[in-house]
Amino acid sequence: MTTHVQLVHDYPFPARDVWRVATDLDHLKTVTEGLLAFRNLPHGEIHQGQEMRVEVSLFGRLPYQPYEMKVVEFDDANMAFTSEEKGAGVKTWRHSLSVATTPTGSRLTERIEIDGGLLTPLFAAWARYMYRQRHPRRLRILETSVSRRNG
C-alpha cells in the first residue's frame, strides 16, 4: 500500500539560501530535533549518490532503529533532490524536495511517497506532522543566518 504526501512552504528568503538549509545534514538534525534523533548521520551538504546508514529514534526516546538513505537525484542548479529511504518499519520512503524562486522569496515543495505496509496511513500522518514542524525551524535558521550576514 503506497500513499503520497505533499507539503508546500513559502519563505521570505532567496531560494538559494533555502536550498542550502534544506540540503545541509547538520540542519536536518536541527529541524527534526525532538521529533527524530540520529546516530551516524554525516555532516555537510548532501550529494548525488550519497548513501547513509544511520539509526533513528522517534522523539529520541524510543529504541534506535536502522535506517538507510540514498540520494538518487541531486540537481544543485535547479535546486531539487530525491532520496530513497527505508527502515524503522518503512518499506519505501521516497522524498523529493525542490526550491523555486517566487516574487516574495521562495517556495519549498516536498513530495513523499510512502509504503509502510498496513501502517502506511500512520506513516503518512507522521510525515505530514514532521515535515510541517520543519518549516518554522527552517525559518529560524534562515533568520539567524541572514542577520549574521547583515550584521
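Residues numbered from 1 in each chain as written. Predicted model: local features only at pLDDT ≥ 70, side-chain atom pairs only at ≥ 80, totals over all residues. Heavy atoms only, no water.

S.K.: Describe the packing of aromatic side chains, with residues and values.
M.R.: Aromatic ring pairs are defined here through the distance separating the ring centres and the angle between the ring planes. Taken as a whole, this structure holds 5 aromatic pairs when the rule is applied. Judged by centre distance (6.0 Å) and plane angle (40°), the ring pair of Trp 126 and Tyr 129 falls under tilted. With Trp 126 and Tyr 129 both in helix H3 (residues 120–150) and 3 residues apart, this pair spans about one turn of that helix. You can call Tyr 129 partly exposed: its relative accessible area is 39%. Each member of the aromatic cluster is reached from another via a ring pair, and the members are Trp 19, Phe 74 and Phe 81. Stacked on the ring of Tyr 64, the Lys or Arg Arg 39 has its end atom at 3.7 Å from the ring centre. (Phe/Tyr/Trp six-rings, centres within 6.5 Å; stacked < 30°, edge-to-face > 60°. Helix = DSSP H or I, 4+ residues; strand = E, 2+ residues; numbered from the N terminus. Buried < 20%, exposed > 50% of the residue type's maximum accessible area, 1.4 Å probe, protein only. Lys NZ or Arg CZ within 6 Å of the ring centre and 35° of its normal.)

S.K.: I'd love a proper account of the nonpolar core, names of residues and values included.
M.R.: Judged by nonpolar contacts, the single largest core of 43 residues is most densely connected at Leu 41, Val 54, Trp 93, Val 99 and Ile 114. Looking at this core element by element, the count peaks at 10 residues for H3. Ignoring anything within four residues of it in the chain, the contact list for Val 99 reads Ala 15, Val 18, Trp 19, Asn 78, Met 79, Ser 106, Arg 107 and Leu 108. (Core = buried A, V, L, I, M, F, W, Y, C linked by side-chain atoms within 4.5 Å. Contact = heavy atoms within 4.5 Å.)

S.K.: Could you give an account of the sheet that holds strand E2 (residues 36–39), naming the residues involved and the relevant values?
M.R.: Taken in spatial order, the 7 strands of this open sheet run E1-E7-E6-E5-E4-E3-E2, and their pairing is antiparallel. Edge strands, defined here as strands with exactly one partner in the open sheet, are strand E1 (2–11) and E2. The sheet shows a mean angle of 25° between the axes of neighbouring strands, taken without regard to direction. Note: strand E6 (residues 90–102) against strand E7 (residues 105–115), 11 bridges, orientation antiparallel. Counterpart to Ala 100 in the pairing with E7 is Arg 107. (Pairing = 2+ DSSP bridges. Axes fitted to C-alpha atoms, helices over the stretch in contact; angles between N-to-C directions.)

S.K.: Just give me the short version of unusual backbone geometry, but keep the residues and values in it.
M.R.: Notably, Met 79 is not glycine yet its phi reads approximately 55°, a positive angle. Mapped onto the fold, Met 79 is located in the loop between strand E4 (65–75) and strand E5 (80–87). With a phi angle near 50°, Ala 88 is a residue other than glycine that sits in the positive phi range. Tracing the backbone through its elements, the reader meets Ala 88 in the loop between E5 and E6.

S.K.: Can you break down the pairing of E4 residue by residue, with the values?
M.R.: The sheet contact formed by strand E3 (residues 51–58) and E4 spans 6 bridges and is antiparallel. Residue Glu 55 lies in a different strand from E4, and its bridge partner there is Pro 66. Between E3 and E4, which pair antiparallel one after the other, the connecting turn spans 6 residues, and Phe 59 there sits at a positive phi close to 60°. Here 8 bridges tie E4 to E5, and the two strands are oriented antiparallel to one another. Each bridged residue has a counterpart across the sheet, and for Asp 75 the counterpart in E5 is Ala 80. Connecting E4 to the antiparallel partner E5 that follows it, the hairpin turn spans 4 residues, and Met 79 within it adopts a positive phi of roughly 55°.

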